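One-letter residues, chain by chain:
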2 protein chains.
Amino acid sequence: MTSSSLTAAQLAAYIDHTLLAPHAVPADIERLCQEAIQYNFAAVCIHPCHLPQAVQLLQKHPTRIGTVVGFPFGTNTTEIKAAEARQAIDQGAQEIDMVVNLSAALTNNQQYLARDISAVLAPCRAANPTVTLKIILETAVLPTDVKIMLCKLGADLAVDYLKTSTGLHPAGGATLEDVALLYQHRGSCKVKAAGGIRTADQARAMIQAGASRIGTSAGVTIVTTCN
Amino acid sequence: MTSSSLTAAQLAAYIDHTLLAPHAVPADIERLCQEAIQYNFAAVCIHPCHLPQAVQLLQKHPTRIGTVVGFPFGTNTTEIKAAEARQAIDQGAQEIDMVVNLSAALTNNQQYLARDISAVLAPCRAANPTVTLKIILETAVLPTDVKIMLCKLGADLAVDYLKTSTGLHPAGGATLEDVALLYQHRGSCKVKAAGGIRTADQARAMIQAGASRIGTSAGVTIVTTCN
């Protein structure tokens, strides 16, 4: 079966149902979680302040609960990123999407990057069951050699996913070329495509290019309009 | 003297010279700090990961060193915001610009807001000398009654500044109307205008409307082109 034949239910299993608008209120989170239950999305992805509500709403459902660390800029200190991850895991997060430090990436400061990622990875791995870690590269603002360096670093550290984008940078989100590049250099990691994916055709193309997860706020549209 | 007659040097004393691009590298921070020294800006405003560098560069200069907490969404937990503030102050930050929790603001959850702001205010007030706290309202996404509620809360808690905007929300930055509104309800606080201020005329108009501080990435343009 190719990705072009994925049904709505099969597509849903790829989707991180995402709501990261800063002005989302509890009623929005409730709707998001109800949609996740209705359509069996892989996960929800929400801000830390909404985590307790989502954990309660999804406690009897297999949809996984994801939150963000160092989001959306990756410019928090390593200690704060680690503290964010620890608190999120304590509160019930099963997946963490963290933004790498772009300043360190652009200056090839691999020591900083490795320490920064490892500090978040450690509590993910210490959890039982372990927590999924996705590192967000913000591919739209990085030259190719930096993207490849980050892929290799993620693969060496054995994070779970290499993720293209926050979905919030003005420079843009996921492209098929970037998904293919991350897939090529993924090592044992998987690839998550995020940013600008609004239709079933786009989602299928991202999966065809190598994505194992799709981050989108248009999950309901995608699964209810796909043919 | 009215604000319309402010000279370049007088305008500079109002300006938080700001660089919050996520991909700013150390060379960018060095240039920012050199400009702050050259033009005597009131403060620099940078991401936490660049704080040690800025502290070193500005150690013999009166320009104050500011960083951000819960930026740009305000959706971190209260505990993380407090930890961010404590670490920033430990590392030499003299000013903190924190984003309030918009979900709590929009649902009139004043108890959450008061606890969230107080948790950041406490380490600011415990520092010696005390650290300036500015709370960012993101006025462009809030109805008027919510803006007024936040002003009153900030005034009751005696934060130092009520700040209009992160400067990064697609809905927009500071408006003269919002600066005037914050000024009207400021209590003993001052007002900082930020977001979209690119010219000396705009800066002077914001000051005329009540702003005591201008957050902008166009500080050099403003002071070198003002007549």
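Notes on the structure follow. All values reported here derive from a predicted model rather than from experimental measurement.

Conventions adopted
- Residues numbered from 1 in each chain as written.
- Chains lettered and ligands numbered in written order.
- Predicted model: local features only at pLDDT ≥ 70, side-chain atom pairs only at ≥ 80, totals over all residues.
- Heavy atoms only, no water.
- Contact = heavy atoms within 4.5 Å.
- Buried area = accessible area lost by both parts, 1.4 Å probe.
- Salt bridge = Lys/Arg side-chain N within 4 Å of Asp/Glu carboxyl O.
- Polar contact = N/O pair within 3.5 Å; in protein donor to acceptor, adjacent residues only side chain to side chain.
- Helix = DSSP H or I, 4+ residues; strand = E, 2+ residues; numbered from the N terminus.
- Nonpolar A, V, L, I, M, F, W, Y, C, P; charged D, E, K, R; others polar.
- Least-squares fit on C-alpha atoms with pLDDT ≥ 70 in both.
- 1 Å grid on protein atoms, 1.4 Å probe; cavity = no way out; pocket = protein on both sides within 12 Å on 5 of 7 lines; lining within 4 Å.
- Points joined across faces, edges and corners; volume = space filled by probe spheres on them.

Turning next to the interface of chain A and chain B. Between chain A and chain B, the contact holds 29 residues from the first and 29 residues from the second. Of the roughly 2,500 Å² buried at the junction of chain A and chain B (both faces included), carbon and sulfur atoms supply 70%. On inspection of chain A and its partner chain B, the count reaches zero salt bridges. Summed over the shared surface of chain A and chain B, the result is 12 residue pairs in polar contact (both at pLDDT 80 or more). Sorting the residues of the side of chain A that touches chain B by element identifies helix 4 (78–90) and helix 5 (102–106) of chain A as the ones contributing at least two each. A per-class count over the side of chain A that touches chain B returns 16 nonpolar, 11 polar and two charged.

This part takes up the relation of the copies chain A and chain B. Screw-axis analysis of chain A against chain B gives a translation of 0.0 Å along the axis, an RMSD of 0.0 Å, and a rotation angle of 180 degrees. Look at the turn and shift together and you get a two-fold axis relating the two. Closest approach to the rotation axis within chain A is made by the C-alpha atom of Ile-80 of chain A, at a distance of 3.6 Å. Comparing contact sets, 100% of the residues at the interface of chain A also lie at the interface in chain B, consistent with an isologous, same-surface contact.

Residue and element names in this part refer to chain A. When its volume is computed, the largest pocket comes out at roughly 430 Å³. For the lining of the largest pocket, the secondary structure elements donating two or more residues are strand 1 (15–19), helix 2 (26–39), strand 7 (190–194), strand 8 (213–216) and helix 10 (219–225). Partitioning the lining of the largest pocket into residue classes produces 10 nonpolar, 12 polar and six charged. Approximately 380 Å³ is the volume found for the second largest pocket.

The final tally for this structure, using the stated rule, is three cavities of 30 Å³ or more. In this structure, the largest cavity occupies an estimated 120 Å³ of space. If you go around the largest cavity, you meet 16 residues; those closest to its centre are Gly-70, Phe-71 and Asn-76 of chain A together with Phe-71 and Asn-76 of chain B. Residues of the lining of the largest cavity, tallied by class, amount to six nonpolar, eight polar and two charged. Its boundaries defined by the atoms lining it, the second largest cavity holds a volume of some 60 Å³. The dominant element in the lining of the second largest cavity, judged by the number of residues it contributes, is helix 4 (residues 78–90) of chain B, at three residues. In the lining of the second largest cavity, the residues fall into four nonpolar, four polar and one charged.

Now for the pattern of salt bridges. Taken as a whole, this structure holds 32 salt bridges over all chains when the rule is applied. Asp-201 of chain A is the salt-bridge partner of Arg-204 of chain A, the closest N and O atoms lying 3.4 Å from each other. Here the residue Arg-204 of chain A and the residue Asp-201 of chain A both occupy positions in helix 9 (residues 200–209), the gap between them amounting to three residues, near one helical turn. A salt bridge links Asp-116 of chain B to Lys-81 of chain B, with the nearest nitrogen and oxygen atoms 2.6 Å apart. In this pair, Asp-116 of chain B is assigned in helix 6 (residues 110–126) and Lys-81 of chain B in helix 4, connecting sequence segments 35 residues apart.

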